[in-house]
Amino acid sequence: MKEIVLSGIRSTGNLHLGNYYGALRKFVNIQDDYDCNFFIADLHALTTSTDPAALHASVKSVLAEYLAAGIDPEKATIFIQSDIPEISEMYLLLNMHVGIGELMRTASFKDKARKALGIATGDSQADDSEEAFEREIIGASTNKRVNAGLLTYPTLMAVDILIQKATKVPVGKDQLQHLELTRRFARRFNSFYGVDLFPEPTDFDFGGAPVKVPGLDGSGKMGKSEGNCIYLTDDPKVLRKKVMRATTDEGPQAPNSPMSEPVANLFTLLELTSTPEVVTHFRDAYADCSIRYGDLKKQLAEDILAVTTPIRERVSDILANEDYLRRVVRDGAERARARASETLKEVRHIMGIRPL
Ligand code: ADP
Ligand code: TRP
């Protein structure tokens, strides 16, 4: 029996190089060796996205990007979260064992709630104290609202994992707290009812060093909300322009100078996408001050394109084949539902929801 791996990406827009190197490429690399389950977290996307047309389009594009990047539906189960109604039911049941306090203390909740309320941390004008946060959350002094789905986001994520009894969950660093909560909920359920139903899932980095893909704006991380992304589906013109505009500095002033963060970021991208010879060439040029950032960027743009072009081309073919897309998610949902309904049946029975 292969170990069960499960991971999902929210359908909140096109996938970028960070998603590719941080998640997608790893999914592809392990699909032969594990019982892999990759899904599109559209219910999770609902916690922050309110445009139905955009959500619908994004589910389809993320699915096409999964397939175009090389996830093989013959090897891995690919499904859409909302196609598994058992998840929603178990989410209701598990919420009975989750404390609102522990949810409110989750870092991602605090961040997103602050954003929803317009309490920007770091803004000297804003009162960003804990008291202000709590006052605002219960609506004492504002008509803005933090939706309850955002609060219970970790319950839903725990259910995604536990309902499949997955033991390995490949996620980025930002998701580790959610995984910790998942383990806590699993332990709590098992011990409350005196059962041994849920295994405790762990993070999974496939043995490779974790990658953090930097942004083009000199910042630490490429991310959808950062607005600094290279998308897998960017056409060559757009992509070249983005790379050529990437932040740099005035160039090394003396041999073997340390690199500024924006320049180091370009080298990180080059290491991910170019050959070792190319990387060495530019490192040497940096060290002896002969480097021209324009040349480095031109090379980088072409090397990124070599990675993204085949994916972009496959995405457009795959999107045109609606029957194929429907078939993939129908088969995936069937497989994911089989296991989910087994688990839900056990959970209902354990909790006392039993036929008369
Ligand atoms: P975003 O931060 O752009 O909203 P998500 O939170 O939807 O992306 O991330 C989906 C997956 O991609 C997660 O597993 C996350 O860890 C990974 N990921 C996102 N951005 C990066 C990045 N810059 N470097 C490495 N991995 C990333
Ligand atoms: N919360 C994850 C993210 O924002 C997406 C996700 C939802 C997920 N459910 C999951 C990831 C279950 C792994 C397992 O990236």
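1. Side note on the overall build of the protein chain
- Helix and strand counts for the protein chain come out as 15 helices and 5 strands.
- Since a compact globule built from 356 residues should have a radius of gyration of about 21 Å, the 23 Å found for the protein chain is in line with a globular shape.
- With respect to the principal axes defined by its C-alpha atoms, the protein chain has extents near 80 × 55 × 35 Å.
- The burial tally for the protein chain puts 46% of its 356 residues in the buried class.
- Taking as baseline every contact in the protein chain between residues at least 6 positions apart, the subset at least 24 positions apart corresponds to 76%.

2. With respect to the site of ligand 1
- Neighbouring ligand 1 are 15 residues, the closest being His16, Gly172, Val213, Met222 and Lys224.
- At a separation of 3.2 Å, a nitrogen atom of ligand 1 approaches a polar backbone atom of Gly18.
- The contact in question runs from an oxygen atom of ligand 1 to an N or O atom on the backbone of Lys224, over 2.7 Å.
- Alone, ligand 1 offers 540 Å² of accessible surface; in the complex the protein occludes 89% of this.
- Ranked by residue count, the leading element in the shell around ligand 1 is helix 1 (residues 17-30), at 4 residues.

3. What about the pattern of salt bridges?
- With the rule as written, the count across this model stands at 18 salt bridges.
- Here Arg337 and Glu86 are joined by a salt bridge, their closest N and O atoms 2.9 Å apart. You can see Arg337 sitting in helix 15 (residues 322-351) and its partner Glu86 sitting in helix 4 (residues 85-95), a full 251 residues away along the chain.
- Assessed through its relative accessible area of 36%, Arg337 is described here as partly exposed.
- Classification of Glu86 as buried rests on a relative accessible area of 8%.
- Through salt bridges with shared partners, one network takes in Lys60, Glu322, Asp323 and Arg326.

4. Digging into the environment of Ile40
- For Ile40, the location among the structural elements is in strand 2 (residues 35-41).
- Using a relative accessible area of 0% as the deciding quantity, one classes Ile40 as buried.
- Put simply, Ile40 and Lys60 are 20 residues apart on the chain and 9.3 Å apart in space, counted from C-alpha to C-alpha.
- If near-sequence neighbours (up to four positions away) are discounted, Ile40 is found in contact with Ile9, Ser11, Val59, Val62, Leu63, Tyr66, Phe79, Ile80 and Gln81.

Analysis parameters
Residues numbered from 1 in each chain as written. Chains lettered and ligands numbered in written order. Predicted model: local features only at pLDDT ≥ 70, side-chain atom pairs only at ≥ 80, totals over all residues. Heavy atoms only, no water. Helix = DSSP H or I, 4+ residues; strand = E, 2+ residues; numbered from the N terminus. Rg over C-alpha atoms; globule rule 2.2 N^0.38 Å. Buried < 20%, exposed > 50% of the residue type's maximum accessible area, 1.4 Å probe, protein only. Contact = heavy atoms within 4.5 Å. Near = heavy atom within 4 Å. Polar contact = N/O pair within 3.5 Å; in protein donor to acceptor, adjacent residues only side chain to side chain. Areas by Shrake-Rupley, 256 points an atom, 1.4 Å probe, with all protein chains shown as cover. Salt bridge = Lys/Arg side-chain N within 4 Å of Asp/Glu carboxyl O.

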